[in-house]
Amino acid sequence: MKLLIELPTWLGDCVMATPAIENIVNFYNDAEITFIGSFVSIEAMKNHPKVVKTVFFDKKYSSLYKTAKKLGGFDVFFSFRSSTRSKFLKFLISANNKYQFDKNKYINCHQVEKYNDFVNDSLNLDSNPGKLKLYKQNHSSKVVRKSTLGINPGASYGSAKRWYPEEFAKVASGLASQYDIIIFGGPGEQDIALDIEQSFIEEGVNNYQNLVGKTTIPELIDHISKLDLFITGDSGPMHVAAAFQVPTVAIFGPTKDDETSQWMNEKSIIVKKHLDCQPCMKRACPLGHHNCMSFIKAIDVLDAVKRLS
């Protein structure tokens, strides 16, 4: 059974789609999957045992047309995206059955459930979404002398989701005697990491690594899977941590934690302030004060860490 699956664009959404993808695989026992999607999503999913091919495509419609024509025919096509571009891809793809996610149809529940309901409706199933599932490359394990804390201060969605570097630094400094520290983030978040590094230097903390902008997606997944504690905003790496049941403190500001919190991670605590203006779902604070994040202090996160242990 040849399946073509278009993955969500963002890392977090892609990880949240994995329970639905596993239910697709369980439905088609002899599935041979081709994944198509963004570079990030393909990198995250390329090690799935049922994958026979991965295809990265760019945003140009002309390129999409050429890509679709080269793919050939499929038994079934699933798209976990509802954009106009994805509708165009669905039109171009040669498949006996085609199913496309509609973000306007699936609302008011967790994103994992939205994707799973889409698959249930497409295949006339009544399956429940299981845990998040990522398949790692085999990496040699390093000897770890001390437990490892990962901090992830960035968020690709926008500035409104970001907690402050100085507060992250205070938390990490407070835990440095118990944990070695790794700073995670994407290529555009190096300034934030450097601010945290400067605070570490001032506090005399030297047992840290700054991996911001220095890891591939598979390397990022591998590093996060081995953490003993993760402190993060609402982000893609947060969902990666959930896939490996890493104890996590997740800091939420403008986004809906009932839709994008960690899925089925028993050791997960959300820190948020429950303000009247939350959740605004804006990339930058529309009121100009950013209180949903500025009111959260290092002590709030350190208290959450204590509750996790």
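The sections below set out a description of the structure shown in this document. (Residues numbered from 1 in each chain as written. Predicted model: local features only at pLDDT ≥ 70, side-chain atom pairs only at ≥ 80, totals over all residues. Heavy atoms only, no water.)

A closer look at the environment of Glu 197
- Along the chain, the position of Glu 197 falls in helix α8 (residues 190–203).
- Here Glu 197 falls in the buried class, since its relative accessible area comes to 18%.
- Residues Glu 197 and Asn 210 lie 13 residues apart in sequence; the distance between their C-alpha atoms is 7.9 Å.
- Those residues in contact with Glu 197 that sit more than four places away from it in its chain are Ile 183, Tyr 208 and Asn 210.
- Polar side-chain contacts of Glu 197 include one of 2.7 Å to the side chain of Tyr 208. (Helix = DSSP H or I, 4+ residues; strand = E, 2+ residues; numbered from the N terminus. Buried < 20%, exposed > 50% of the residue type's maximum accessible area, 1.4 Å probe, protein only. Contact = heavy atoms within 4.5 Å. Polar contact = N/O pair within 3.5 Å; in protein donor to acceptor, adjacent residues only side chain to side chain.)

Quick look at the pairing of strand β10 (residues 248–251)
- Burial along β10 is two-sided: Thr 248 and Ala 250 and Val 249 and Ile 251, pointing in opposite directions, are all buried.
- As judged from the four bridges shared by strand β9 (residues 229–233) and β10, these two strands associate in the parallel manner. Looking across to β10, one finds that Phe 230 is bridged to Thr 248.
- For the segment spanning β9, helix α10 (residues 236–243) and β10, crossover handedness is right-handed.
- In this structure, β10 lies alongside strand β11 (residues 268–271), joined through four bridges in parallel fashion. Along β11, the bridge assignment pairs Ile 251 with Val 271. (Pairing = 2+ DSSP bridges. Right-handed = clockwise from strand over helix to strand, strands pointing away.)

A look at the sheet that holds strand β1 (residues 2–6)
- Spatially, the five strands line up as an open sheet ordered β3-β2-β1-β4-β5, and their pairing is parallel. Taken across any chain shown, the strands that pair with only one partner, and hence form the sheet edges, are β3 (51–56) and β5 (94–100). Strand-to-strand twist of the sheet, defined as the mean angle between neighbouring strand axes without regard to direction, takes the value 20°.
- Of the strand pairs in this sheet, β1 and strand β4 (residues 73–79) are connected by four bridges, and their pairing is parallel. Bridging from a neighbouring strand, Leu 3 pairs with Val 76 of β4.
- Packed on one face of the sheet, helix α5 (residues 84–92) meets β1, β2 (32–37), β4 and β5 and runs near 155° to β5. (Axes fitted to C-alpha atoms, helices over the stretch in contact; angles between N-to-C directions.)

A short note on the side chain of Thr 18
- Mapped onto the elements, Thr 18 comes out in helix α2 (residues 18–27).
- In this structure the side chain of Thr 18 is engaged in a polar contact, spanning 3.0 Å, whose partner is the backbone nitrogen of Lys 133.
- Ignoring sequence-local partners within four residues, the contact set of Thr 18 consists of Met 45, Leu 132, Lys 133 and Leu 134.

Concerning unusual backbone geometry
- Between Gln 278 and Pro 279 the backbone carries a cis peptide bond, its omega angle lying at -10°.
- Within the secondary structure, Pro 279 sits in the loop between β11 and α12 (291–294).
- The phi torsion at Asn 124 lies on the positive side, around 55°, for a residue other than glycine.
- Looking at where Asn 124 falls in the secondary structure, it is placed in the loop between α6 (111–123) and β6 (147–152).
- Here the phi dihedral of His 274 falls at roughly 55°; this positive angle occurs in a residue that is not glycine.
- What makes His 274 exposed here is its relative accessible area of 62%.

Structural notes on helix α4 (residues 61–71)
- If you check which residues of α4 are buried, you get Ser 63, Leu 64, Thr 67, Ala 68 and Leu 71. Projected down its long axis, α4 shows its buried positions confined to an angular sector of 135°, all on one face. Exposed residues lying more than 90 degrees from the buried face of α4 are Lys 66 and Lys 70.
- Buried residues along α4 sit against β1, β2, β3, β4 and α5.
- Backbone geometry just downstream of α4 places Gly 72 in the positive-phi region, at approximately 85°. (Arc of directions from axis to C-beta.)

Some words on the sheet that holds strand β7 (residues 179–183)
- Taken in spatial order, the six strands make up an open sheet running β8-β7-β6-β9-β10-β11, and their pairing is parallel. Each edge of the open sheet carries a strand with a single partner, namely β8 (208–210) and β11. Across this sheet, the average inter-strand angle for adjacent strands is 15°, counted without regard to direction.
- Across the face of the sheet, helix α7 (residues 165–175) comes into contact with β6, β7, β9 and β10 while running at roughly 170° to β9.

Remarks on the packing of α7 against α8
- It is at 9 Å that the axes of α7 and α8 come closest, and there the two elements cross at 45°. As the angle between them shows, α7 and α8 are arranged oblique. Crossing angle aside, the handedness with which α7 passes α8 is right-handed. Contacts from Pro 165, Phe 168, Ala 169, Ala 172 and Ser 173 in α7 reach Ile 192, Asp 195, Ile 196, Ser 199, Phe 200 and Glu 203 in α8.
- Looking at the contact of α7 with α8 residue by residue, the class counts come to seven nonpolar, two polar and two charged. (Parallel < 35°, antiparallel > 145°, perpendicular 65-115°, else oblique. Left-handed = near helix turned anticlockwise from the far one by under 90°. Nonpolar A, V, L, I, M, F, W, Y, C, P; charged D, E, K, R; others polar.)

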